[in-house]
Amino acid sequence: MQSQKNYVNMLKWVEQKALKLGADDIRSVLSVNSGFSMSQRDDSIEKMEESIQSSLRVEIFKDNRYSYHSTNDLNQDRLESFLDKAVSMTSYLEKDEARRLPDPALYPVSMPEVDLDLVDPALSSMTIERKKKLLDRLVQGAYAKNRQLISVTGEFWNGHSHVYGRVSNGFSGTVERTYVGMSVEVSIDEPGGRKPEDWKSINARHFEDLWDPETVAAEAVKRVEQKLGAEKIASGIKTMVVENTAVARLLYPVIGALTGRSLYQKRSFLDGMMDRKVGSDLFTLRNDPFIPRGLGSRYFDEEGILAQKRTLFDKGTLKNYFIDSYYGNKLGMDPTSGSFSNLILNPGSLSPEELIKNVSEGIYVTQFIGGNSNSNTGDFSYGVMGHEIRDGKLVRPVTEMNISGNYLDLMTSLHAAGNDPYSFSSFRMPTLVFKNVDFAGK
């Protein structure tokens, strides 16, 4: 493997070559990734894969024209031909005055002092034998919890990535990250021929931040056992408690509606809502790139723009969009970054169990299944699974229920947040409680 210095020098050569070939500007990203994964079904290793991949992506800016190219071939002789074609092809495209690099003033002069701690050095020395033992503990841990399981599949994975970025108007930076995770999927027989399935998956930057395999397995078994006997219940307007692991699926369309692309294409129900109250006082959502070991943590974004903490919604009032430089130029708005890092919704003080105790009639949603949302209007409809809540207790599993409504109403109906932000995701969301949700069942 070439040294990091060689990769940095390669990007300098790519930039100089592209400019010499006629590009006005170039943004280049060189990624070097290694990964490993292994899966075990019952007692047998089912799959083992290891990969090392290098790739180069270049964005060419020429005469207000823009093109994007990528290659896995880093041979310098062939790269010269690759760049020649990339610059030549750009000339055939239509002009777009908005295609410009960010103002260099947006690039970091120096990196923030916070140590993001994104690399676990211990992962590189973890042996396959140790990974195999972890995987076996994952699978056997599930069977130890319930001998009636008919199938258990576990998976372990880890990887290491280096990303080198360079922009011809003044940015260069390097990011190094590791990742590690495990998952287990279980299924069980049920009278009547149904075979409910469920799973649990966790990811982290450092191995020591993962749960032990038996805890992961126990969570998966608990989830599938809670599906036994699941059925539709009566339709109605009920309180919805959303498990922290499922909140990301529910709120992702809200994040999509915040992007400059959605605003420009008139496909955002949050267009024109800046500084307007669109959610309850509990709806305070922040984008924080500086969480040590966070899965979305970073010093700069994909364009090289300096990462900053931003409040997206403050007590329900919209305060920021995700604007990259291109759509900023289109919309006449200042770039803020076109993507999120770690999203944090302010947690509350009660545990999920305490939140459920306060609900007289509702559904505890653990999973969203299918459905869709209209980014222009905010209307949504999703299938849900979970548990019926009666007088503060989970009384029976439910399935094949649907919820429908509008995101502006949903955000306003946020009634409570739990004290359990989910750490195995860049959506670090707690359990949430929404009032007056329209459930359709039987």
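For the structure, check the block above.
Everything quoted here is computed from the prediction, not taken from an experiment.

We now examine the overall build of the protein chain. Scanning the protein chain from terminus to terminus reveals nine helices and 17 strands. A compact globule built from 442 residues would reach a C-alpha radius of gyration of about 22 Å, and the protein chain, at 24 Å, matches this within 12%. Dimensions of the protein chain, computed from the C-alpha atoms along their principal axes, are close to 70 × 55 × 40 Å. Expressed as a percentage of its 442 residues, the buried residues of the protein chain come to 51%. Within the protein chain, residue pairs in contact and separated by at least 24 positions form 71% of the contacts whose partners lie at least 6 positions apart. The distance from the centre of the 54 positive side-chain charges to the centre of the 59 negative ones in the protein chain is 1 Å.

Taken across its 19 residues, strand β4 (residues 149–167) has 14 buried, putting it largely inside the fold. The sheet contact formed by strand β1 (residues 25–41) and β4 spans 15 bridges and is antiparallel. For V32, the partnering residue across the bridge sits in β4 and is H162. Hairpin connection, β4 to strand β5 (residues 171–188): the antiparallel pair is bridged by three residues, and G170 has positive phi, about 130°.

Bringing the side chain of K131 into the picture now. Tracing the backbone shows K131 in helix α3 (residues 128–145). E50 is the oppositely charged side chain nearest to the buried, salt-bridge-free K131, at an N-O distance of 6.2 Å. K131 has contacts with F36, M126, F156 and N158, leaving out every residue within four places of it along the chain.

Our next topic: a nonpolar patch on the surface. Residues I45, M48 and I128 make up a contiguous nonpolar surface patch of about 250 Å² in total accessible area. Mapped onto the elements of the fold, I128 is located in helix α3. Residue class for I128 comes out partly exposed when judged on its relative accessible area of 41%.

The next subject is the packing of aromatic side chains. Scanning the model with the defined rule gives 16 aromatic pairs in all. An aromatic cluster is defined as three or more aromatic residues linked by ring pairs; in this entry it consists of F269, F368, F380, Y382 and Y407. Its end group placed over the ring of Y326, R99 keeps NZ or CZ at 3.6 Å from the ring centre. Looking at K131, its charged tip hangs above the ring of F36, at a distance of 4.1 Å from the centre.

Strand order in the open sheet made by the five strands is β10-β9-β8-β11-β16, with mixed pairing throughout. Either end of the sheet is taken by a strand with one partner, and the two such strands are β10 (317–318) and β16 (427–428). Note: strand β8 (residues 285–287) against strand β9 (residues 310–314), three bridges, orientation antiparallel. Residue pairing in the sheet places R286 in a bridge with T311 of β9.

About the criteria used
Residues numbered from 1 in each chain as written. Predicted model: local features only at pLDDT ≥ 70, side-chain atom pairs only at ≥ 80, totals over all residues. Heavy atoms only, no water. Helix = DSSP H or I, 4+ residues; strand = E, 2+ residues; numbered from the N terminus. Rg over C-alpha atoms; globule rule 2.2 N^0.38 Å. Buried < 20%, exposed > 50% of the residue type's maximum accessible area, 1.4 Å probe, protein only. Contact = heavy atoms within 4.5 Å. Lys, Arg positive; Asp, Glu negative; His and termini not counted. Charge placed at Lys NZ, Arg CZ, Asp CG, Glu CD. Pairing = 2+ DSSP bridges. Salt bridge = Lys/Arg side-chain N within 4 Å of Asp/Glu carboxyl O. Patch = residues over 30% accessible without salt bridge, like charges linked within 9 Å, V, L, I, M, F, W, Y side chains within 5 Å. Areas by Shrake-Rupley, 256 points an atom, 1.4 Å probe, with all protein chains shown as cover. Phe/Tyr/Trp six-rings, centres within 6.5 Å; stacked < 30°, edge-to-face > 60°. Lys NZ or Arg CZ within 6 Å of the ring centre and 35° of its normal.

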